[in-house]
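The primary structure of each chain is shown beneath.
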Amino acid sequence: MRKKLIAANWKMYKTPDQAREFFRDFLPLVHGHDRDEIVVCPTYLAIDAAIHAVQGSNIAIGAQDLYWEKDGAFTGEVNEKDGAFTGEVNAAMLLAVGVTHVIIGHSERRQYFGETDDTVNLKLKSAVEAGLIPIVCVGEVLEEREAGLTDDVLRRQCLRAFHKVSAKKAVSLVVAYEPVWAIGTGKTATPQMAADAHAIIRAQAAESFGQEFAGKLRILYGGSVKPENARALMSEEEIDGALVGGASLDPKSFAAIVKY
Ligand code: PEP
């Protein structure tokens, strides 16, 4: 069956020292835990510290974003456009430091940094081309849910994210269903609401990539996951793990979620 994946999104929190401190306390709490995959996504600046801290453990490190353009310096084919993207980091650079996963299209990036379904698609293509494991976030805002548009929004976001991505390249794809009204608000979707949304996403994945692919696709739930609600959510067959923001910042709380 699908192995669950529990991912931490640290957002704009933790310096390299704070990341080291987190892992010093967290590693013993999850030592030997192999029922679920564990991924932690720090800021770019704390990635190196995190990668060194988790060496030899069962924890993978992801980035919170990437840019889709190439940097010719990696291929020796520099041209004047390559790499001229101030402030950005691409897939090859992430791989070069040992990153394995990348969050794409988080609702905060869509809301505050102008990400669209089209940029999500470009990012997804560059991640799978490079061999990074993408965690693509989709989810409706409150007004859309209240207007009965959840189904349409999820289908549109998935359809456009998956546009011209080959099933072969996307084998490692992970989708995170994150209802925007539940992120950082303390409001959680009920396990049933999440399971229903996951079924819509899986149906769209079946249309885009085929039934077999969709059956293997891992769909995480994100939105105010905490130690108190993790077990009920993870008990749903449709829910293949969690993307955790606030509650992943504290080692005890994130370990309790991992061990739901
Ligand atoms: C997130 O940042 O992806 C998230 C789900 O945040 P929180 O757990 O704080 O709601």
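This section reports on the structure supplied with the text. This one's a predicted model, so the numbers in the text were calculated from it and none came from an experiment.

What counts, and where the lines are drawn
- Residues numbered from 1 in each chain as written.
- Predicted model: local features only at pLDDT ≥ 70, side-chain atom pairs only at ≥ 80, totals over all residues.
- Heavy atoms only, no water.
- Helix = DSSP H or I, 4+ residues; strand = E, 2+ residues; numbered from the N terminus.
- Contact = heavy atoms within 4.5 Å.
- Buried < 20%, exposed > 50% of the residue type's maximum accessible area, 1.4 Å probe, protein only.
- Pairing = 2+ DSSP bridges.
- Right-handed = clockwise from strand over helix to strand, strands pointing away.
- Near = heavy atom within 4 Å.
- Areas by Shrake-Rupley, 256 points an atom, 1.4 Å probe, with all protein chains shown as cover.
- Nonpolar A, V, L, I, M, F, W, Y, C, P; charged D, E, K, R; others polar.
- Salt bridge = Lys/Arg side-chain N within 4 Å of Asp/Glu carboxyl O.
- Phe/Tyr/Trp six-rings, centres within 6.5 Å; stacked < 30°, edge-to-face > 60°.
- Lys NZ or Arg CZ within 6 Å of the ring centre and 35° of its normal.

1. Some details on the environment of valine 30
Part 1: Relative to the elements of secondary structure, valine 30 occurs in helix H1 (residues 16-30).
Part 2: Along the primary structure valine 30 and isoleucine 59 are separated by 29 residues, whereas in three dimensions their C-alpha atoms are 9.2 Å apart.
Part 3: With sequence-adjacent residues up to four places away left out, valine 30 is seen in contact with Ile38, Asn58, Ile59, Ala255, Val258 and Lys259.

2. Observations regarding the pairing of strand S2 (residues 37-41)
As a general feature of sheets, a regular strand has side chains that alternate between the two faces.
Part 1: Here S2 lies mainly inside the structure; four of its five residues are buried.
Part 2: Strand direction decides the pairing type here: strand S1 (residues 5-9) and S2, joined by five bridges, are parallel. Its bridge partner being in S2, isoleucine 6 is matched across the sheet by isoleucine 38.
Part 3: Taken together, S1, H1 and S2 constitute a β-α-β crossover, and its handedness is right-handed.
Part 4: Where S2 meets strand S3 (residues 59-63), three bridges bridge the pair, whose relative direction is parallel. Each residue of the ladder has a partner; that of valine 40, found in S3, is isoleucine 61.

3. Looking at the site of the ligand
Part 1: Near the ligand, the surroundings consist of 14 residues, among which Lys11, Glu178, Gly184, Ser224 and Gly245 are the closest.
Part 2: Contact with the protein chains removes 96% of the 290 Å² of surface that the ligand exposes when unbound.
Part 3: When grouped by side-chain class, the residues that make up the shell around the ligand number four nonpolar, eight polar and two charged.

4. Brief notes about the pattern of salt bridges
Part 1: Under the counting rule described, the total for this entry stands at 20 salt bridges.
Part 2: As a salt-bridge pair, aspartate 65 and arginine 109 come within 3.2 Å of each other at their nearest N and O atoms. Here aspartate 65, found in the loop between S3 and helix H3 (91-96), pairs with arginine 109, found in helix H4 (residues 107-112); they are 44 residues apart in sequence, far enough to count as distant.
Part 3: Residue arginine 109 is classed as partly exposed on the basis of its relative accessible area, which comes to 25%.
Part 4: Note that arginine 160 is salt-bridged to aspartate 118, the shortest N-O span being 3.2 Å. Of this pair, arginine 160 sits in helix H7 (residues 150-161) while aspartate 118 sits in helix H5 (residues 117-130), placing them 42 residues apart in sequence.
Part 5: When its relative accessible area of 35% is taken as the criterion, arginine 160 is described as partly exposed.
Part 6: For aspartate 118, a relative accessible area of 43% gives the class partly exposed.
Part 7: Three or more residues are tied together by salt bridges with common partners; here these are Arg2, Arg202, Glu238 and Asp240.

5. Points about the packing of aromatic side chains
Part 1: A full pass over the atoms with the stated rule returns ten aromatic pairs.
Part 2: With centroids separated by 5.2 Å and ring planes inclined at 85°, the aromatic side chains of phenylalanine 22 and phenylalanine 23 adopt a geometry described as edge-to-face.
Part 3: Residue phenylalanine 23 is classed as buried on the basis of its relative accessible area of 1%.
Part 4: Plain terms: the ring middles of tyrosine 177 and tyrosine 221 are 6.3 Å apart, the flat faces sit at 55° to each other, and that makes the pair tilted. Residue tyrosine 177 is found in strand S6 (residues 174-177), and its partner tyrosine 221 is found in strand S7 (residues 218-222); the two are separated by 44 residues along the sequence.
Part 5: The exposure class of tyrosine 177 is buried, given its relative accessible area of 0%.
Part 6: For tyrosine 221, a relative accessible area of 0% puts it in the buried group.
Part 7: An aromatic cluster is built from Trp10, Phe22, Phe23, Phe26 and Phe254, whose rings are joined through pairwise contacts.
Part 8: Lying over the aromatic face of tryptophan 10, lysine 14 brings its terminal NZ or CZ to 5.3 Å of the ring centre.

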